[in-house]
Amino acid sequence: MAEEGIAAGGVMDVNTILQEVLKTALTHDGLARGIHEAATALDKCQAHLCVLASNCTEPVYIKLVEALSAEHINLIKVDDNKKLGERVGLCKTDHKGKLRKVVGCSCVVVKDYGKESQAKDVIKEYFKGTK
């Protein structure tokens, strides 16, 4: 499963793998960030993966995303919307490299993984194991 994937630094867990996939997709302009963009991508079946924050304040958002991704799209939940926003580039950094003005993001959809990578393969294997 996901714990079997070995990176250069050692064993990769699901959160580390997800972070790598999101970073690669961000550099290749393959992310839909926010509920409006995500719902559009899910409705048009352009999504490969959907990431939803568990601490979303609107239960209607959660129901909508779960309903749209129920049939064909893999859904993974993360704990904090601020960390998700940080991972998908919704923040600013100051001159010292510290993060400032981190914006929370409740839903992110990966429309394009970008290049082939080990993290992408491990995420796909993770979802094959959970189904």
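Residues numbered from 1 in each chain as written. Predicted model: local features only at pLDDT ≥ 70, side-chain atom pairs only at ≥ 80, totals over all residues. Heavy atoms only, no water.

K.L.:
Explain the overall build of the protein here, please?
P.N.:
Within the protein, the regular secondary structure consists of five helices and eight strands. Counting from the amino terminus, helix and strand elements in the protein follow one another as β-β-α-β-α-β-α-β-α-β-β-β-α. Here the protein holds 131 residues, and the buried ones make up 35% of them. Partitioning the contacts of the protein with sequence separation of at least 6, the portion at a separation of at least 24 is 69%. Only carbon and sulfur atoms are counted for the fraction: they give 49% of the accessible area of the protein, which is about 7900 Å². (Helix = DSSP H or I, 4+ residues; strand = E, 2+ residues; numbered from the N terminus. Buried < 20%, exposed > 50% of the residue type's maximum accessible area, 1.4 Å probe, protein only. Contact = heavy atoms within 4.5 Å. Areas by Shrake-Rupley, 256 points an atom, 1.4 Å probe, with all protein chains shown as cover.)

K.L.:
Teacher, can you tell me more about the nonpolar core here?
P.N.:
Grouped burial of nonpolar side chains is what soluble globular proteins tend to show. Counting residues in hydrophobic clusters, the biggest one holds 22 residues, and the most contacted among them are Leu22, Leu49, Val51 and Val108. The greatest single-element share of this core, amounting to six residues, is contributed by helix α1 (residues 14–27). If near-sequence neighbours (up to four positions away) are discounted, Leu22 is found in contact with Leu31, Val51, Leu84, Arg87, Val88, Val108 and Val110. (Core = buried A, V, L, I, M, F, W, Y, C linked by side-chain atoms within 4.5 Å.)

K.L.:
What exactly am I supposed to notice about the sheet that holds strand β4 (residues 49–53) here?
P.N.:
Strand pairing in a sheet relies on backbone hydrogen bonds, with the paired strands running either antiparallel or parallel. The strand order across the open sheet formed by four strands is β3-β8-β4-β5, and the pairing between neighbours is mixed. Looking at the sheet topology across the chains shown, the edges are occupied by β3 (31–33) and β5 (74–78). Sheet twist, expressed as the average angle between the axes of neighbouring strands with direction ignored, equals 20 degrees. Sheet strands in contact with helix α3 (residues 59–68) are β4, β5 and β8 (107–110), and its direction is about 160 degrees off that of β4. (Pairing = 2+ DSSP bridges. Axes fitted to C-alpha atoms, helices over the stretch in contact; angles between N-to-C directions.)

K.L.:
Got a minute to help me understand α1 in this structure?
P.N.:
One turn of the α-helix equals 3.6 residues, which is why residues spaced by three or four share an orientation. For α1, with 14 residues, the first-to-last C-alpha span of 20 Å sits near the 20 Å given by 1.5 Å per residue. Restricting attention to buried positions, one finds in α1 the residues Val14, Ile17, Leu18, Val21, Leu22, Thr24 and Ala25. All buried residues of α1 lie within an arc of 165 degrees about the axis, which places them on one face of the element. One or two positions beyond α1, positive phi appears at Asp29, with a value near 55 degrees. (Expected span 1.5 Å × (residues − 1). Arc of directions from axis to C-beta.)

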